[in-house]
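Chain by chain, the residues:
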Amino acid sequence: GDSGVGAHAANEEVGRSLESYKREVAILRNSLRLRDSRESDLMDGQRRLKTERTAEKQEWEGQVASLVCEVQDLEARNRRLEAALRALGAAPQLSSAAASTAEAEASSTPSEAATPDPGELLGLC
């Protein structure tokens, strides 16, 4: 009699241990799924930030290139204006035809053509 009761109690204890083990396994699996989900979300966020950063960097580089070109255009215009002013300063000493020739030559100085523009070398302008 007692051995039957003892065996039954032992079986119940094993059953409770097995159920407890199954619950722990389910909890651990759920924790792993949550961790994997969070990790995936973080990786997606990192990819999105990297994409945004790349786009912002390209936009910034485009703005810098545009500004470099604008500065170079202004420098070239300034050189032409300075040359024209020098030509006008010399104009009273020259005939009007000679002044026109000097002004035309000053507006397209050979030194500009001989010195490559850094923006053009970089393919910016």
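In this text the structure is predicted, and so the values were computed from the model without any measurement.

*Asks:* Even after reading the chapter, I still don't get a nonpolar patch on the surface, so can you show me in this structure?
*Replies:* Side chains of Trp60, Val64 and Val68 sit close together on the surface and give an oily, nonpolar patch of about 260 Å² of accessible area. Tracing the sequence through the fold places Trp60 in helix H1 (residues 2-90). The class of Trp60 is exposed, set by a relative accessible area of 54%.

*Asks:* Hey, could you run me through the pattern of salt bridges in this one?
*Replies:* For side chains bearing opposite charge, pairing can occur when the charged atoms are close. Applying the stated criterion to the full structure yields 4 salt bridges. Salt-bridge contacts for Asp36 lead to Arg35; the nearest nitrogen and oxygen are separated by 3.0 Å. Using a relative accessible area of 42% as the deciding quantity, one classes Arg35 as partly exposed. Asp44 is the partner of Arg47 in a salt bridge, and the nearest nitrogen-oxygen pair spans 2.3 Å. Of the two residues, Arg47 and Asp44 are both situated in helix H1; the distance of 3 residues between them amounts to about one turn of the helix. A relative accessible area of 47% places Arg47 in the partly exposed class. By sharing partners, the salt bridges in this structure join Glu12, Glu13 and Arg16 into a single network.

Rules behind the numbers
Residues numbered from 1 in each chain as written. Predicted model: local features only at pLDDT ≥ 70, side-chain atom pairs only at ≥ 80, totals over all residues. Heavy atoms only, no water. Patch = residues over 30% accessible without salt bridge, like charges linked within 9 Å, V, L, I, M, F, W, Y side chains within 5 Å. Areas by Shrake-Rupley, 256 points an atom, 1.4 Å probe, with all protein chains shown as cover. Salt bridge = Lys/Arg side-chain N within 4 Å of Asp/Glu carboxyl O. Helix = DSSP H or I, 4+ residues; strand = E, 2+ residues; numbered from the N terminus. Buried < 20%, exposed > 50% of the residue type's maximum accessible area, 1.4 Å probe, protein only.

So, to be careful, I would describe these as geometric facts and stop short of saying anything about function.
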